[in-house]
Structure formats: C-alpha cells, structure tokens
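# A closer look at the structure
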Amino acid sequence: MENNQIVSKKVSCKVGEKDFVFETGKIAKQADAAVVARLGDTVVLATVVMGKTPREGVDFFPLLVDYEERLYAAGKIKGSRWVKREGRATDGAILKGRVIDRTLRPMFPEGMRNDVQVIATVLSVDGENEPDIVAVNAASMALAISKIPYDGPVAGCRVGKIDGQYVINPTHEQQEKSSMDLIVCGTGEHIIMVEAGANLVSEEEIVEAIKFAQPFLGALVKCQEDFSKEIGTAKVEPVIIKPNEQVFAKVSSLLTSGVIEPAVYVKSKEQREENIDNISKQILEKVASELGELEGVNIEKEVDKCIDKILKKFQQKQILEHERRVDGRKLDETRPITCEVGVLPRTHGSALFTRGETQALTTITLGSKGDEQTLDGMEDPIEGRAKRYIHHYNFPGYSVGEVAPIRGPGRREIGHGALAERAVEVTLPAQEEFPYTMRLVSEIMSSNGSTSMASTCGSTLALMDAGVPIKHIIGGCAMGLVMDESNPEHFKVLTDIAGIEDFNGHMDFKVTGSEEGVTALQLDIKVKGLTPEILAKALAQAKPARIHIISKMKEALPAPRPDLSPYAPRITSFKIKPDKIREVIGSGGKTINEIIANCPGVKIDIEDDGLVMVTSTDAESAKKAVEWIQNIVKEVEPGEIYEGKVTRLMDFGAFVEVLPGKEGLVHISQLANYRVNRVEDVVKIGDKLKVQVSEIDEQGRINLTHKPFAEAAPAGLGSERSRGAGAGAHAEYDEYRGPRMGGGSHRGGHGGGRGGHGGSRPPRRNFDR
C-alpha cells in the first residue's frame, strides 16, 4: 500500500528583524528538490530538476530559470474580459528571473552540460516583502539540498538607504523613501551578482551598502549549509565535457604566440574575426590530416573549442602580465566616441551614439497622459500602475553581421532595455513640470560590446534633442576584469570592454550615472565570486570614464533644447478644483466628448487631483479646448461682463448662457433702458447679448443686466419704471427660484422646460422639501 504520509522539514534564519523560513518535503516531491520559502506572508516555491544525461551538441551550460508570477498570490483576477489565465511572463518577471539566473549560473561546475531547470513560483505576496529576494534564496536552498552538482550555496538581500541609514530588505513603503534599490547576491566573503537603481549616490555609498549586506548573506548561506548537511541528498558526479587531449595538444603546438599576436592584436573587430577564421581553417586541416578520424570526436567542434580556450588564456595572460589589450588601448581608456543629435527629420528627438564599433540609434516619441503604459502585474495595484517613461531595445542580427530572424524581444533585449531605462528615469522632470509620456527605442546598429551603455547615452541625447528638461546628463560604461584564478588578489580592471574582452574576461560590470553620482549598476561574473575591494576598484575606475563620455555627449548637445520638436504634440496643463472634474466630464462623458469633437486632434486627460492635460499638435484646437474647460470651471463674479447667448425666454425675463453650462437671468426690467412689455420685443432665442453680472444671491443664482450696454430709450418712451422693485415682480422671481452657480439649467415656475448642459434645478418647493 502506497505511503502518502507527508514528512516535511523546516528551518529558519533571522535576517535583520525578520525570519526567512524554508520548508521541504511537503509539496512537489517528484522534483529533484523543492523548497517553500517564506518571508512575512510572501511565499515562493522553488523547484529544481536536472536532465539525466548531458545535452548533445552544445558548448554552453543549459540552465533555464523561470520566475512565475501568479495573480492569485495577490488576490487578483486578470483584467482582460476574455482571457483570465496568466500568459507570457511580464517584463518584471523576466527581470527577476534574470537576477536568479545570473546569481546561480557561475556556481555550477565548468563543462557541465546537463539541462537544469529552476522554477520559482510565487504563491503569496503580502505587499510588504519582495518575492524576488525570497525566490533567490529558495532556489539556492533547493539546489543545495538536491543531488544536482552545485558549488553553492549563495544568498540574496536587498539594501536600501533611508535618512543616511542602510536598511536590509526594506519594505515597499521604505523603498519609496530610499536613495537606492540594491540587490546583492553572494556569500559572506564574495559577491556574485549586483543589480541596482540609485538616485545619484556616490561610489563609496555603493561599496558600503555591499559590505553592509555581506553579514546577512553569510547568515543565509550558513542556514543553507546546515540544512543541506541535515537532510540533503548526495551529489551526483557530473559529466564534465573537456577538450579532447590529443586534439588540444595538437592545436596548442600549432597556435603559438607568433600566430596569435598578428591575428588577434588588431584594432578592427572585423579584421580580427577574419584572421581567427582563417587560422581556424588552417589548423583544422592540419589536425584532421595528422590525427585522422577519432572515435566519438567531432574534429571541427573540438578544434574550435581548443582554439577558444587557448586564445582566452593567452589574452588573459597578456592583460595580467603586460596590461596589453587586443585593440592597443590602455586599461583605463575608452574607445573613440562620436555623438550626433537630430539625425531623423520627423521623430520628436533622435540621437546616434557611436563608441568604437558599437553604435546605437535612439529615438523618442512624446505622447499624452493617455499614452502611458498600464502595468497590471502581480505586484501592481488592483487599478493598475501607470508608466510614463518607456525604453525599448532592439538587437537585430545585422548588428553583428549575422543572419537572424526578426521575432519578439528575448530576455536579453528586455534586460538591456530595462537597464538603460532605469539609468535615466531618475533624472526626468516631474509630471507636473513635463506632463508627457515618453517612449524611447534604441536600435543597435552595430555591436562590439556595451550596447546597453550605448543605449543609455543615446537615450539621454535623444531626450535632450526632444527638449525634455532632464536634470542631469547620464552616461554609462561597462567595466571588465581579468583575474588570476589561482591568486584572486592579482587582477586587472578594464574600462569600456569590447566584445572579445567580455567573452574572454571574468566580469561585465555596467555602471551608469551623471558627473555627480551613480544611477544604475549591473554585475555579471564568470568566477565563483569577487571581493568588495575589486568592485570598489572597478567603480573608482568607472567614474572618470563616465565623466569623459558625458563630456563627449555635451560636445554634441550641452543641454536640453529650449523648445520641443515642431512635430511633437503640445500639452497645456493646469489645475482645476477636484469637485469640478464631474462638470468637465459631464453626464456619461457628454461634455468632454463634445469638447473633443469640436476641437480636432485634441486629447484630454484629467487626474484625480484636478490636473488637466490638453494634448494636440494643433495650437488653435488646444487653445479652444483649454478655454472651453476653463470657462466650465470658472466661478462667475459680480461685475464681470460676458457676451452670452440667449437660451430661453420667460414672461419675466431671458436666460443667457454666460459660460458653458452656466446661465443667468436677465429680468425683463434689466433688458433695456425703457419699459419692456414683452421679452420677445427685445431678444430672441439664439441672440448674442452682452451682459454684466449684477449679483449672485445667497442661493448661488446669477442675476444679469443688459442695461449698461443697451441703447438709450427712444424719444417719447421716457425712462422705465422698474418693475423689479414691485412686490409682484419679486413674487414672480421667487416662484422661479432663479439660476444658480455651478452649471445647472433652470426650471421656471410658470411651466418652463428643461435646458442647458448640466441638468435642471428643481423649484424651491421641491428643493426645500
């Protein structure tokens, strides 16, 4: 009989003032390992599974990391009317998955080719504790207790800085007040992955934040180690794919320094790749002819692997011992930079940033508030979250001289686009100052390393070209590292790494910011960890490089243009009282739709706080819409003069619309400078009539007069005897109860009908009741 008894094990670890709780053995028992991790009421399930045999024909470690958001975790149902199931991963989920991937990938044995899948499924979110940090630790714990070969464990923490104090794993509310959002993954001694956004903080603050995180990382690592010793499974012996010894020995004898140097140490990437291709073909011919066919060995692939390994070691040695780079630059030297702005005639802003053989064309499109992207992910509010600054990154095959199908963006494209977006958004003007939605697109025209940093620089230039009043000019640079793995204290930091230096180096550390401070970081490494001292050296070396890059950008455009492109829409923004919003919108949107219909090309957006944004490429239409709205919300004051329109006639006077939806009464005694027997003798419905506000009574009713603008009394008629002074006239007006401020139309006491734009006020008897 099958035993279905559930036996689970738990362990907890205090980090700051909160407990991480890990549990295994209760669910997902057919995975190689499954761990449920909890922080507060945020719960994440991490599962790990490894393929039984190495994957054939691949020259990389096939690790697949998925971060799965579940809307039920936040008590939400998908907003679409037709599709309720979660679909493609959101950009946010992809970015969190990349954090986990970049943390774990260096910790597997080199040469391992078994498929490994890590799935982090978010089961519950409390709106306070971030699930991504829980997921990183849960994934590492699952690998630690599994049979999968793994050189961990590692841990992850988030660091904020509030009022000068570092905070470990800050809540959502605390992050709003923090000057940095720094994710640090590693151990108590080494750093493996860093991801950060910051509000122009100093390099020293970043290093101190990393050091602040390390004791907490150490505590989490120890928790994983202890739990693994208690319940973990013995690791399987991995199959390590190494170059064939015979082939490697033969290639090594042929690929000497005399062959490598003239081929590799040239400035042009294209020439270098052509040289290496030619050498590879020659070596392949000699190896194949001398060794013949070897059982179970693909000679061509083996030769390529051997050449890559030899070139990598040769290049690293040249840097460590001679500070010699393949293109002849010094270790702290950037490639030549050129910047152009306004390169496209009809876009709202554009820039072409070129650094060496890396080139990015970035464009900007300005839109209205209604063009914002609404984010409806697991951690977003029920009503969604608006995003006004959007950066998209495209990497076509031609940028590296390859044939590649054009499909949707992959994880790399989403990650690079998000990094450049995060780097620049802290310097954007407030919405009240610049109420535009901004969409930027970086097209990578040519790639030889650091395309995300080129996109950052291109984004800044495009924003300035469009006339966006950014507060700081943001530049970015990718830093590299070559380290003696047998002696980690012997290392060299490289500024502005090219593609071959990234491929053959140990680190890719992207740093963005202004001349004053850092705005974003992203660290990837290929070794088991770096010390804070290495990162401090890289940050210090990145600063002068960044300042140099910014100086080159300033040569093209030193500051944002004073005016927007003539092809960009103009937004007029102003505030109205929040209680007036309903008057502008009207019943069922009638009023606002009428404005839009009569002002071609206009978009109108209204915030809950009363901020009105009128967008149009037609200045006259925008002006008309603005005046219309301002007239709707305007408070009529005694003494003001209007050119109104007669809307209705009564026995006792005429109703005149002085502002949209606002009518006042011109009593029959105020229509002329003589006695008027019938209102129809002076005005008709639809007539324009100049009037002055004589009073607004205690009930908000508007009383008007036309007498100051009326002609003198015709000879023989004499002056009028004001019938407004008699008791009968007052009684007549009281029965009507008159027009009120605020846009309502009016119902007369003598059978008058409804009219106007905003509904009717009832007679006094009904109102008083």
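Nothing here was measured: the structure is a model prediction, and the numbers come from that model.

Reading the values: the criteria
- Residues numbered from 1 in each chain as written.
- Predicted model: local features only at pLDDT ≥ 70, side-chain atom pairs only at ≥ 80, totals over all residues.
- Heavy atoms only, no water.
- Helix = DSSP H or I, 4+ residues; strand = E, 2+ residues; numbered from the N terminus.
- Rg over C-alpha atoms; globule rule 2.2 N^0.38 Å.
- Buried < 20%, exposed > 50% of the residue type's maximum accessible area, 1.4 Å probe, protein only.
- Contact = heavy atoms within 4.5 Å.
- Areas by Shrake-Rupley, 256 points an atom, 1.4 Å probe, with all protein chains shown as cover.
- Disulfide = S-S within 2.5 Å.
- Pairing = 2+ DSSP bridges.
- Right-handed = clockwise from strand over helix to strand, strands pointing away.
- Axes fitted to C-alpha atoms, helices over the stretch in contact; angles between N-to-C directions.
- Patch = residues over 30% accessible without salt bridge, like charges linked within 9 Å, V, L, I, M, F, W, Y side chains within 5 Å.
- Salt bridge = Lys/Arg side-chain N within 4 Å of Asp/Glu carboxyl O.
- Lys, Arg positive; Asp, Glu negative; His and termini not counted.
- Charge placed at Lys NZ, Arg CZ, Asp CG, Glu CD.
- Phe/Tyr/Trp six-rings, centres within 6.5 Å; stacked < 30°, edge-to-face > 60°.
- Lys NZ or Arg CZ within 6 Å of the ring centre and 35° of its normal.
- Parallel < 35°, antiparallel > 145°, perpendicular 65-115°, else oblique.
- Left-handed = near helix turned anticlockwise from the far one by under 90°.
- Nonpolar A, V, L, I, M, F, W, Y, C, P; charged D, E, K, R; others polar.

It is worth spelling out the overall build of the protein at this point. Within the protein one finds 17 helices and 29 strands. Relative to the 2.2 N^0.38 estimate, which gives 27 Å for 769 residues, the radius of gyration of the protein is 36 Å and therefore markedly larger than a compact globule would have. Seen through its C-alpha atoms, the protein measures out along the principal axes to roughly 130 × 70 × 50 Å. Taken across its 769 residues, the protein has 50% of its residues classed as buried. Of all intrachain contacts in the protein linking residues separated by at least 6 positions in sequence, the fraction that spans at least 24 positions is 70%. On the protein, roughly 35,800 Å² of surface is accessible, and the fraction owed to carbon and sulfur atoms is 49%.

Our next topic: the state of the cysteines. On inspection of all chains with the given rule, the structure shows zero disulfides. Unpaired in terms of disulfides, Cys13 finds its nearest cysteine sulfur in Cys223, a separation of 4.7 Å.

Our next topic: the pairing of strand β16 (residues 389-394). Where β16 lies against strand β17 (residues 437-446), six bridges are found, and the strand directions are parallel. Among the inter-strand pairings, His391 is bridged to a residue of β17, identified as Leu440. Assessed by its sense of winding, the connection that carries the chain from β16 through helix α9 (residues 411-425) to β17 is left-handed.

What follows is about the sheet that holds β17. Ordered by their spatial adjacency, five strands build an open sheet running β11-β12-β13-β17-β16, and the pairing between neighbours is mixed. Two strands close off the open sheet at either side, each with one partner strand: β11 (337-341) and β16. Averaged over all pairs of adjacent strands, the angle between their axes in this sheet comes to 15°, without regard to strand direction. Two elements, strand β12 (residues 349-355) and strand β13 (residues 358-367), share seven bridges in a ladder whose sense is antiparallel. The residue bridging Arg355 from the neighbouring strand is Thr358, located in β13. Packing against the sheet, helix α12 (residues 532-556) makes contact with β11 and β12, and its axis sits at approximately 35° to β11.

A contiguous patch of negative charge on the surface is contributed by Asp59, Glu270, Glu273, Glu274, Asp277, Glu300, Asp304, Asp308 and Glu402. Every element with two or more residues in the negative patch is listed here: α7 (269-291) and α8 (299-322). When you line up the elements, Glu274 lands in helix α7.

To continue, consider the packing of aromatic side chains. For the structure shown, the criterion picks out nine aromatic pairs. Here Phe108 and Tyr150 contribute two aromatic rings whose centre-to-centre distance is 5.6 Å and whose plane-to-plane angle is 50°, an arrangement assigned as tilted. One end of the pair, Phe108, is in the loop between α1 (91-104) and β6 (114-124); the other, Tyr150, is in the loop between α2 (131-145) and β7 (155-162), with 42 residues separating them in the sequence. The two residues Phe108 and Tyr150 agree in class, both being buried. For the pair Phe652 and Phe655, a centre-to-centre distance of 6.4 Å together with 90° between the ring planes defines the contact as edge-to-face. The class of Phe652 is buried, set by a relative accessible area of 1%. Note on Phe655: relative accessible area 0%, which makes it buried. By way of ring pairs, the aromatic residues Phe61, Phe108 and Tyr150 are connected into one cluster. Above the face of the Phe248 ring, Lys309 is positioned so that its terminal group lies 5.5 Å from the ring centre.

Residues in a regular strand project their side chains so that they alternate between the two faces of the sheet. Pairing geometry for strand β23 (residues 603-606) and strand β24 (residues 611-616), over four bridges, is antiparallel. Each residue of the ladder has a partner; that of Ile606, found in β24, is Val612. The hairpin formed by β23 and β24 contains four residues between the paired strands, and Gly610 there has a positive phi angle of roughly 95°.

Let us now look at the sheet that holds strand β22 (residues 570-575). The strand order across the open sheet built from three strands is β22-β24-β23, with neighbouring strands paired in antiparallel fashion. Edge positions in the sheet fall to β22 and β23, since each of these pairs with one other strand and no more. Taking each pair of neighbouring strands and ignoring which way they run, the sheet shows an average axis angle of 15°. Where β22 meets β24, six bridges bridge the pair, whose relative direction is antiparallel. Pairing of Ile571 across the sheet is with Thr615, part of β24. Its contacts with the sheet place helix α15 (residues 619-633) against β22, β23 and β24, and it is angled at close to 155° to β24.

Let us look at the packing of α7 against α8. With their axes 10 Å apart at the nearest point, α7 and α8 run at an angle of 125° to one another. Overall, the two elements α7 and α8 adopt an arrangement that is oblique. Crossing of α7 over α8 shows right-handed handedness. Contacts between α7 and α8 pair Ile276, Ser280, Ile283, Leu284, Val287 and Ala288 from the former with Ile299, Glu300, Val303, Asp304, Ile307 and Leu311 from the latter. The residue makeup of the contact of α7 with α8, split by class, is nine nonpolar, one polar and two charged.

For the bond running from Gly152 to Pro153, omega is 5°, close enough to zero to count as cis. Looking at the secondary structure, you find Pro153 in the loop between α2 and β7. At Ala28, a residue that is not glycine, the phi angle is positive and equals roughly 55°. Positive phi, close to 55°, is recorded for Leu200, a residue that is not glycine. Within the fold, Leu200 resides in strand β10 (residues 191-201).

In short, shape yes, function no, at least from these values alone.
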